[in-house]
Structure formats: structure tokens, C-alpha cells
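Analysis of the macromolecular model
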Number of protein chains: 4
Amino acid sequence: MKFASDNAHGAHPAIMQALVDCNDGAVGSYGADPVTARAEAAYREVLDAPDAVVRFVATGTAANALVCAQLSPSYGRIYCHQTAHIHLDECAAPEFFSHGAKLVPIAGEQGRIAPADLAQAIRIGAAGGLNDGANAMVSITNATEWGTCYTPGDVADIAQVAHEAGLPVHMDGARLANAVAGLGCALPDLLRGVDALSFGGTKNGALAAEAVVFFDPAHAKGFDYRRKQSGHVFSKQRYLAAQMLALLQDDLWLRLAGHANACATRLGLGVQQVGGSLIAPVHANEVFARIPFEAHERARAHGATYHLWQDSPPAKDQPVAVRLVTSWATTDQDVAAFLDLMR
Amino acid sequence: MKFASDNAHGAHPAIMQALVDCNDGAVGSYGADPVTARAEAAYREVLDAPDAVVRFVATGTAANALVCAQLSPSYGRIYCHQTAHIHLDECAAPEFFSHGAKLVPIAGEQGRIAPADLAQAIRIGAAGGLNDGANAMVSITNATEWGTCYTPGDVADIAQVAHEAGLPVHMDGARLANAVAGLGCALPDLLRGVDALSFGGTKNGALAAEAVVFFDPAHAKGFDYRRKQSGHVFSKQRYLAAQMLALLQDDLWLRLAGHANACATRLGLGVQQVGGSLIAPVHANEVFARIPFEAHERARAHGATYHLWQDSPPAKDQPVAVRLVTSWATTDQDVAAFLDLMR
Amino acid sequence: MKFASDNAHGAHPAIMQALVDCNDGAVGSYGADPVTARAEAAYREVLDAPDAVVRFVATGTAANALVCAQLSPSYGRIYCHQTAHIHLDECAAPEFFSHGAKLVPIAGEQGRIAPADLAQAIRIGAAGGLNDGANAMVSITNATEWGTCYTPGDVADIAQVAHEAGLPVHMDGARLANAVAGLGCALPDLLRGVDALSFGGTKNGALAAEAVVFFDPAHAKGFDYRRKQSGHVFSKQRYLAAQMLALLQDDLWLRLAGHANACATRLGLGVQQVGGSLIAPVHANEVFARIPFEAHERARAHGATYHLWQDSPPAKDQPVAVRLVTSWATTDQDVAAFLDLMR
Amino acid sequence: MKFASDNAHGAHPAIMQALVDCNDGAVGSYGADPVTARAEAAYREVLDAPDAVVRFVATGTAANALVCAQLSPSYGRIYCHQTAHIHLDECAAPEFFSHGAKLVPIAGEQGRIAPADLAQAIRIGAAGGLNDGANAMVSITNATEWGTCYTPGDVADIAQVAHEAGLPVHMDGARLANAVAGLGCALPDLLRGVDALSFGGTKNGALAAEAVVFFDPAHAKGFDYRRKQSGHVFSKQRYLAAQMLALLQDDLWLRLAGHANACATRLGLGVQQVGGSLIAPVHANEVFARIPFEAHERARAHGATYHLWQDSPPAKDQPVAVRLVTSWATTDQDVAAFLDLMR
């Protein structure tokens, strides 16, 4: 009953095996190895993006912040949702990597930016003068920080607003697999209009691996230097590539995400059946819900772990707002046991 | 016969096994896991530094540049050897992380700074005004970029000069294991006077892991934030810790380094016996030598890989300057086969 | 009728004269001149802060951003009002100078932060982990961006909250003279608890000059290097010092600010008498008011300049929100003529 | 007899008068004023560069470092002479503004880079991999730090080498007026092949003013934001513009520089006549010479100020290496009196 985070669990055995399998022999350093070449090609293929530049890094913060530095000057304005990971949860890494870019948070229900709100924010930025900085890029998160998803249509709408203003679109896909599995859409369809992508592996069964994708090679100019300068080029790069490659094998990425999503769906339904209520719909692998205080007490007493989602401590007779995150490693027993405790 | 780099080979099986062994279950993220706690404690013990702050990162560039940013302000002067990795081979990562610190290169034979030269450089820096920046720190590399070593006495001498000027000392120990094995000294003895250490794992059999050590906790203030902001905190931090912990098991780190050193020693001796000459003495796992042109041609024809160490291309009848690097994975056969080709 | 900004007017003749007067002869460069020494001493005296470190720079953005970089690490959280100049109007200069610090905006009526809101924001920041960055400093603006003032008691309350959390307090005093004149308090009384100050000259009759003050010299460590590295040390520093010194002569700073405030007060009263209404009380030299649409049209037609304070364009039959800023150079005729147009 | 620096003297009366003359009235802030427009146009005309983007800042360090940040990414290599001001005398401002760019110093006689040496350095940089960073730009100083000049042909040769490698050329023209006056060439002729220019005013009679020029507007993209973000946009920008405009009036810039040069020439000749020797030829307003020890003692005793140009203190019976800098304010009497003391 470990629902604190999808990074609390270890790596999927197939990914661990991939590390073992690629371990033999001497190969080129810094990415000049065959595993890396194979993995980059495999991502270009699954993304249906033959010209894309694909690179692998170890952390989501690195992936996101490197993209921000690549697409925004130091004086740029980066539009994102007010709960975006890049804004709230990366210790100002985008500001550090970009040398000062301003994250401009936009409100929006359940973690999603509405196109009209984005358009207005961009207009205000464009109308400002030197004091305001220069419009630089838009970043959306899919699945969002609220466990909801942008549909392919939503993404296209956001991209249209951004592109009309001349701004590239980044998607923080730390949970992109969960979004694709949840929406049941084709991966490339969910990325129409996206210029740069952080494609998460770590939360989906890898040890530590993410892909950075630039669909237009022009956006990737100098990126390898930037990655090196920030310490994110591994000398033995094959170990990053092998993880990401294993995720594509037999659709492992989708199967793991689908499993996590299914667990979340059951949790969400279950919680409602025992008197709880959802704060946001469950589109992916996160459940934001209010659960009865007694259920919360019982769950904690039995060792369930999850984050509270409110500022003040839980109070008797008040429902408790919680975030439950499932992962590839969540078991049916975990879900059933937790729901039993809720009753 | 792969002598291009000690990062061309994969990971030692024991280290790979450690990854597998730590993989089960859900643990705290971002370093709040038992493997990390155990590994940090183990390093404090082997370093005989009960108060030290130990952290793990994935790359040597990250380790070094984070230390530089920690010990130098943006306007600081960082003294290092003119061939230091931080100066020549990290794509200006120290400048990036520190926001502009100036690396002040110091000449010195075979990769080592002479204390008197350091003292003079520090004096010049101290005599300068605002235009020159402020003296901030000293960084030495052990084993050096020339495969030589600072002895414990050498390190203490450098530290004395630095400390008299109020400057902390960093040791880039990407090949520290090779230095300890080569010198046959106790690890703590080689670190007397060192304030911050990058302790390499990757070149010594890890997949991607280095330890950063601050012997005085005051030097580590805020370091975890700095690491996070630069994307170098793994959410599943246990995988970094497990690698570094495995290196300490049964002195694996020393045994691997000792093996690599022995291979280098044999290569160095062998090269001299066939008409080559050493450019620098072989103290660790690197051989800098001039070999006969014909021997070079034969070696290359038989698939030996290594770096040339001169600006102009090899010329007939001219000895060829080469760098041969051995590693934990170099075999006796590799060495023997190479020396056969030399003859 | 130029009410667009207090930096639209030129320099007061006495300040221009001070430039002429200090022009003769060769003196030490980079601040080693007698005018600079005299000016720094004069500010220490007027601030009743014999140990303070005083430096002069040319722009308010430089003053504020340098202080932020001095008091916050790159991973720091800087608390400020959501309308603070450092947050909205300096093109992310604090982020640039500090290398990434996060400005955490706090809501508050009429440009002022309430101590309880500050305390809560600091608590949330302190409760966060690595992802949130580290609490670093508090910055308040006096007079505020809304033309209101913190009283000495208000400042002390803010400082108490900040200091209890171990955070230093910066005051952006671009219009500090107007605050002192408006409150009728002693300058040192308004700075109790303040650790670092940007003391504005440019908006108050200088050509381009601001003082940066650190009340505790420990906070100023390395500041001169930081100033130099960012290009804000003048080789002929006397010209900055002379401006700031002239402001202290015969209380020129207070007299100019008092005049500007009086003009604003009259504007504020007048606007109310002709059917307008104040959006915020007039404490200093800015009037935020809603004026009748017809009055706005007449004023514009007669060449009055000022900024609109609303997102959408003025509409017939709707009062128009405007900002009127007065300065040392605003004349009684300007005020009278404008109010005539309002009628 | 103040020969320490050309920034020790004050401002030329005509420049001070220009400040007074532009002081009246309210104008647009942040550069939207008529003086700025006039001054920018005047520089485009004198540079014979109708499309150039011209901006004014207060310090040479700001001018140079902003150009570096504009033309080099954080991972860029900036080639310059080993004695370049940007490398040795700006407290690592280029590294700070660019977020880490590496200054690659090139040796060369009397402050000048030889085209062949530049070509070789660029080749080495281009041959390097990720570890070395990316070739970004070339910066030359004219007049150089050794008081010598690049001729128009020299500049064109450097530019050809740079452009063949795809690198833009920056000229640090802190003493450009002295170079033009010394060479007797047309200003535009000395700038053939130059892409960005720091055109110095401060050392040539201004209070604090420099022009930054981008000959190709594409190089200036976003520059105003960059200037703002670093605190180098004055709200009352007219005062910078007025200084630079006054320098163009009746060729004041050339007359002042010509006077300083003539003083230097006389000093150089005189020093040789009394047993001294030149270290570098006198092309502009600096004299590098060895003077008899006794002459040095006498000069110092009579209050002459200048910098020593050697590491160890002057010794009896040893000639003393000195730098003598003349300026617009140096008088014939200063020169004569100094030479009298030499005898």
C-alpha cells in the first residue's frame, strides 16, 4: 500500500535485465555506442518522427530544465500551469539552466491550461515592454499534476495558440505513458504540435532515465554541449539508452502504464464507494480524493503511505484530501487491501 | 586491446549485481532510502571522517562542478593545473555551475602543481583588485591527467599553501582509487588537508556513480538544493548508492584499481622494452609513451584503440605519442597481445 | 501634465551642478576617490548606521538584483509582494543575478504584505523539501507599487517575522524618500529591522544613481566583486557618488520628495472632487484613481500623459483606472491644469 | 603627472555641457527619448552602417560582457588575446553574463593576435568534442592592451579567419578613438569585418558612456532585454546618449584621442632620449617603457603616478618597467615636467 509516489518503487525486471544485457565489452563513450544509436532510432520510430533529435538523461528535472534552457533565453517568459512541476517542484532548475527565465503560471482547472487563458497570458506578455521579458515558450504537462490528461485535441489547441504567437511548445511527459494509456490514443497523435518532449522513464519502471526529444532539429542546436556542460552526459551512456530501449520492447511502457492506470481507476472507484469523493477525475495513475477521516486513520495505522493534499492537518469529522499514486509495481492486493481499510 | 579510456568498458559484475539486489520494494525517494544511508555511512567510515557529508551523483562533471559552485562565488578564482579536467574537459561546467568563476591554470610537470607555483599564483590573485576576482579555492587531480600521483606529502604541501591563504582544497578523484592503489597508502592519509572530494566510481567499474564528500559539514550548506536544482538528485537515489557501496565491499575499489594499475605498469615496461619511451612515469592506470611508428601501425591494424597525444598526425620514422588507459576490465591477454604487436 | 513616470523628468539643477563641481582633476578610479568616500560617509550618517556598507550604482534594477544575489543562493526563495518591482518589472534581473532564485509572490492589499501572510508563506516554504528550494530572504517595497507606505511599525512587524525565520529583509526604496516624506518619520526609524536597502535617487531628481546599503557588513562580503562582475562599478565612480551626495545636501532628497507628494495629494483630492475615486490611498507620489471617461478623453486630448491601469481599453460611460505619478519637477500649474481638465 | 589611467581624469567640459543641455523637460523613459534617437543615428552615420543597431551603456565591462553573452552560448569558446581586458580585467564578467563561456587566450606579440595563431586555435577548438565546448566568437582589442594597434588590414585578416570558421568578430574599442587617431585611417575602414563593437567613451572624455554596436541586426536579437535584465538600461537613458553624441560633435572624439596620442608619443620619445627603452611601440595613448631606476625614484618623489609593469618590486640599478597612460586631460606641462624628472 505504497501510494506516495511512482518513484518509490524500483525498476521493472525487464529494464534491469537490459542493463545486464548491454554490459559486455568496450564501446564508444559519451553516446558513441550501438545501444544509444539503437535506442534513439527506436524512439524516432515510435514517435513517428524520423528527423527528431533524441537524447537520454537520468532525471526528469534535467530533461525539463535543459529543454527550457534550449528554448528560452535568460530573459524569456515560459508559460506553464500554476501547478506545473517545472514551476513548483524542481527547485528553480529551469531558472538555473536558462539563467533567469521567468515562469509565468497560469491558472486552470485540474491541472490543465485552457487555450483562451494561455492566449490572454501571451497577449499580456507581448504587450509588455522590456520590464516584462520576452515571450519564449509554452510548457504543458501530460498527464498533468492532477492526474488528468490533455487529449490530442487539447494539445493541438494549446499548440495552435502558442504557434500563432511564434512560441514553441514543450510537453513535460514524466507520465506521458500514463496519458497515452489512459486516453487510448496513438502516441504521435498526442504530440501533434509539440516541439520538445520530456518522455519519462523513471516513473514508469526505469531506474533513472528520460528521453529528451526535439521534433525539429533546429531546436536541438548545441543541445549536446548544453547537456555536457550541466553534467548530464554519461560517459557510459549505454546504460541510459538501454533502459529507455527496454521500455519500448513489446510495448512495455504502455503495459506498465496501463497497469498503473487500472490500479488508480479501481482505487478511485473504490474510494467513492466507501464515502469518499474525487477531487479530480482519474485519467491516469493518480487519484486525488477526499476520504473519511476514520478511513484515513485506519489506512495510516496499517502502513499505507500517501501524501496529504491540504495545508492544515487532518481533523476529525473532516474528510481528508489525499493523493494516491499507483505504479507499475502496485499490486491488485495493494489496491484491495487499501479499499478494505477504507470501509 | 581497448586502451582508449577507462570509461569504455562496462560495469563490474558485482556492481551490476548490487543494482539487482537493491531493486525490491518501495523506499523513500530522493535519498531517503536505507541503501543511501548505508552507503553514506560506509564512505564516512572508509574515509575515517565521521562528520563528513557524503552525496552521490552520476557523473564526474557533476561532482566536480557542483563542488566548484559550492566553494567558489561567481567572482571566484579557482586554481588548478593547466591540464585539469575541470579546466579542459568539462565544457566549462564549473563556470556554468558557479555562474562565472575563473579557472586559473597553473603549469607544472606531469600534471602536478608545485606548491611554490601555487603560492605564487595565489599571491598574484590576492594582490589584484576588483578586476581580478577573488581567490576562492584550489583544485588538484589525483591521480593526475598524466597518470602520475600526488603523494600524501604532496597533498599536504598543497593544502598548507591553500589553507594559509584561506582557500579550501578540492581533490578531483576520478581516479583516486588508482592513486591509492599505486601509492600503497591509506586512503585517509592521501586526503589530509583536502576539504572536498570527488570520489570516482565510473572509471573504476561502476555504471555511473561518483561520491561527493565535504569533510567539514559547513562546506556542504545548501548542497542538496544545489544538487537538486541542477537535476542531479535521482528520485530513485538507491541506484547510485548501491553502486558506490558495492565498490567498498571487500575492497573491490582497491582491487579493481590495483588490477588496472598492474596492467598499465606492464604496458609501460613492455613499451620501453620494444624501443618506446615513457613521457611520464606510470603511477596509476595510464601510460603516456612514444612508440615506434611501425608498432603504432601494426597495433591499429590489429584493432587496438587508444588516443594519440600530439597535435600533428603520426609520421613515418617518427615515434608516435600515445595514451594507453587500462581499467578493471583490461585482461592479461589484452596487455600481452598489445606488447606482441609492439615487437 | 506629464504624469507617466517619475523618471520621465530630468535631473534637479543642484544635482547637475554637483556633477560639474566634482569634475576637476585626476582621482582614484573605481571608487577610490574623495567624493565617493564623502558620499558613503554621509549616507552612513543620515542612516544612523556607522558600520553600514554603502555603495552606489546607476540603476534601481542593478541595486535590487545585486542585493538579491548577495542575500539569496541560486536555490533560494525570495518572498515579495505580488506586485513587487523585482517580480514584475525588472525583466527577471533578480533571477539572472542570483542564478535562479525563485521569487515567491504574496498577495496583499494596496501593495503591502501582511505579516501573517508572510509568516504563512515562509512556513510553507520551510515545510517543503528539496523540490521547493530554500527560504532565503524577504523583500518589501516602500513606498509600494501602489503608492502606499509601510509605517515604521509595519516594517518592524515584517522584519520580526522574517528574522524569526532567519531571513534577512531587503527594502526596495526606489521611492523611499517619498515614503519618509509622506510618513513624516525619521529615516532610521523606517529602517528598523531592514538588513539591506536600495535607496533610490533616480526617481527623486538624480540622473542615474542609487545607493545600496548593507547594515551588517557581513552581508556585504564580496559585494564589490559582484558589482564589478556585473559591470556596475564605474571607473569614474565619483559621478555616481556626487549625485547621491547632492541629494543629502540641505535635505534636498526630502524636499523634492515632499514636493512630489504634495502634488500627488492635491491630484488625489482634486480627482475625488470631480467625480473620480481613489483605488488606493495617496501616501506618497502616486495616485491610483478611477476618473470619468470624459475627463480622461479631455486630458489626453490636451496632452496629459499617464498610464492606464486596467487590461481592457477605456470604454464610454465607464470610469477609467489610471496611475498618475508626480515628481520633483511637477509644477503647481501641471496639477491645476490637469484638475481643470477633469472638471 | 597623472599617468595611471585614462579613467582617472574627469569629463571633458563639452560632454558635461551636453548633459546640462539635454536636462530639460519630460521625455520617454528607457531610451524612448529624442536624444537617444539622435545619438543612435549619429553613430550609424559615422560608422557608415545604416542598418547597425546602436545602444548605449555606462561601463566598458557591461558593453563587452553583454556582447559576449549575445554572441556566445554558455558552452561557447571565445577566442581573445591572452592579455585581453575581457580575460584579465573584468572579474569574469563575460563568463557571468554568458553563463559560463570559456575565454580561450591566445599568445601574440604586443597585444595582438596573429591570424595564423587564431586559425590554429580555432582548428583545435573545432576538432575537440563535447568536452571542449563549441567555437563561438573572436574578440580583439583595438588599441590593444599594449598600446599598439591593429591596422585595417590586420583587422580584416583576423575577420577573414574568424568568418571562414563561421565565427563573428567583436572589437573591444575602449580605446578605439586612439586607434583611429593613431592610424590616421577612416573609422569604417578599421571596422571591416567586425560584427560587434564596444565603442569607448569613458576613457576618452565621457563621464561614463560606451556604445554597443551590432552591424548585423540579426546579432542584436533580444539585446535590449539582455541589457535590461542585467540592469544596464537607464530609465533616463538620455544622459548616456548625450555623452556619446557630444563626442561626435565636431570630431571631439578624434581630437581628444589625437591629443592623448600626441602626449604619449612625446613621452615615448622623451623616455628613450633619457636612457629608457620602449617595451612596445607607441601607437596610441599608452607608453610601455623601461626607465632608469633613479628616474623612477625622482618621478615618484615628485608625485607622478603610473603603474609598474613587472611582478617584483623595482630594484636599484635595474630599469623599471612602467605603463604611462595619457588622456584628453593630459597637459603639455605634465609631459614636459615628467620628462624633466627623467633627466
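As the structure is a computational prediction, the values presented were derived from the model and not from experiment. (Residues numbered from 1 in each chain as written. Chains lettered and ligands numbered in written order. Predicted model: local features only at pLDDT ≥ 70, side-chain atom pairs only at ≥ 80, totals over all residues. Heavy atoms only, no water.)

**Overview of the interface of chain C and chain B**
Each side of the interface is counted separately: chain C has 21 residues, and chain B has 20 residues. On the chain C side of the contact with chain B, Y75, L130 and Y225 of chain C bury the most area, a combined 40% of that side's loss. For the pair chain C and chain B, the interface holds 0 salt bridges. On inspection of chain C and its partner chain B, the count reaches 7 residue pairs in polar contact (both at pLDDT 80 or more). Per element, the largest residue contribution to the side of chain C that touches chain B is 5 residues, and it comes from helix α9 (residues 223-229) of chain C. Split by residue class, the side of chain C that touches chain B holds 8 nonpolar, 9 polar and 4 charged. (Contact = heavy atoms within 4.5 Å. Buried area = accessible area lost by both parts, 1.4 Å probe. Salt bridge = Lys/Arg side-chain N within 4 Å of Asp/Glu carboxyl O. Polar contact = N/O pair within 3.5 Å; in protein donor to acceptor, adjacent residues only side chain to side chain. Helix = DSSP H or I, 4+ residues; strand = E, 2+ residues; numbered from the N terminus. Nonpolar A, V, L, I, M, F, W, Y, C, P; charged D, E, K, R; others polar.)

**Section: the packing of aromatic side chains**
Scanning the model with the defined rule gives 50 aromatic pairs over all chains in all. Centroid distance W146 of chain B to W309 of chain B: 6.5 Å. Interplanar angle 85 degrees. Geometry classified as edge-to-face. Of this pair, W146 of chain B sits in the loop between β4 (134-141) and α7 (152-164) while W309 of chain B is found in the loop between β10 (307-308) and β11 (320-325), placing the two residues 163 residues apart along the sequence. Take W309 of chain B: its relative accessible area is 36%, and that puts it in the partly exposed class. For the pair Y225 of chain B and Y75 of chain C, a centre-to-centre distance of 5.4 Å together with 10 degrees between the ring planes defines the contact as stacked. With Y225 of chain B in helix α9 (residues 223-229) and Y75 of chain C in the loop between α3 (60-71) and β2 (76-81), this pair bridges two chains. On the accessibility criterion, Y75 of chain C (8% relative accessible area) is buried. Pairwise contacts between aromatic rings join Y43, F56, F199 and W253 of chain A into one cluster. A cation over a ring is seen here: R300 of chain A above Y306 of chain A, with NZ or CZ 4.4 Å from the ring centre. (Phe/Tyr/Trp six-rings, centres within 6.5 Å; stacked < 30°, edge-to-face > 60°. Buried < 20%, exposed > 50% of the residue type's maximum accessible area, 1.4 Å probe, protein only. Lys NZ or Arg CZ within 6 Å of the ring centre and 35° of its normal.)

**Brief notes about the relation of the copies chain B and chain A**
Aligned on chain A, chain B shows an RMSD of 0.1 Å; the corresponding rotation is 180 degrees and the shift along the axis is 0.0 Å. Expressed as an axis order, the relation between the two copies is that of a two-fold axis. Nearest to the rotation axis, the C-alpha of S230 of chain B is located 3.6 Å from it, this being the minimum over chain B. A shared binding surface is used by both copies, with 100% of the interface residues of chain B retained as interface residues in chain A. (Least-squares fit on C-alpha atoms with pLDDT ≥ 70 in both.)

**Regarding the sheet that holds strand β1 (residues 53-57) of chain B**
Within a sheet, neighbouring strands are paired by backbone hydrogen bonds and run either parallel or antiparallel to one another. Residue and element names in this part refer to chain B. Strand order in the open sheet formed by 7 strands is β1-β7-β6-β5-β4-β2-β3, with mixed pairing between adjacent strands. Each edge of the open sheet is held by one strand with a lone partner, namely β1 and β3 (102-106). Taken over all neighbouring pairs, the strand axes of this sheet differ in orientation by 20 degrees on average, direction set aside. With 4 bridges joining them, strand β5 (residues 169-173) and strand β6 (residues 196-200) adopt parallel strand pairing. Pairing of M171 across the sheet is with L197, part of β6. (Pairing = 2+ DSSP bridges. Axes fitted to C-alpha atoms, helices over the stretch in contact; angles between N-to-C directions.)

**Some points on the relation of the copies chain C and chain B**
Under the fitted operation, chain C is carried onto chain B by 0.0 Å of movement along the axis and a turn of 180 degrees, and the coordinates agree to an RMSD of 0.0 Å. Both copies contact each other with a shared surface, as 95% of the interface residues of chain C are interface residues in chain B too.

**Describing the pattern of salt bridges**
Residues and elements named next belong to chain C. Under the criterion given, the structure shown has 41 salt bridges over all chains. Residue R55 is joined to D224 by a salt bridge in which the shortest nitrogen-to-oxygen separation is 2.7 Å. Pair noted here: R55 is in strand β1 (residues 53-57) and D224 is in helix α9, with a separation of 169 residues, a long-range link.

**Some words on the sheet that holds strand β8 (residues 277-278) of chain D**
All names here are of chain D. Strand order in the open sheet formed by 4 strands is β8-β9-β11-β10, with antiparallel pairing between adjacent strands. Sheet topology places β8 and β10 (307-308) at the edges, where each strand pairs with a single neighbour. In the sheet, β8 pairs with strand β9 (residues 286-291) via 2 bridges, with the strands oriented antiparallel. Considered in β9, the bridge of S277 is made with R290.

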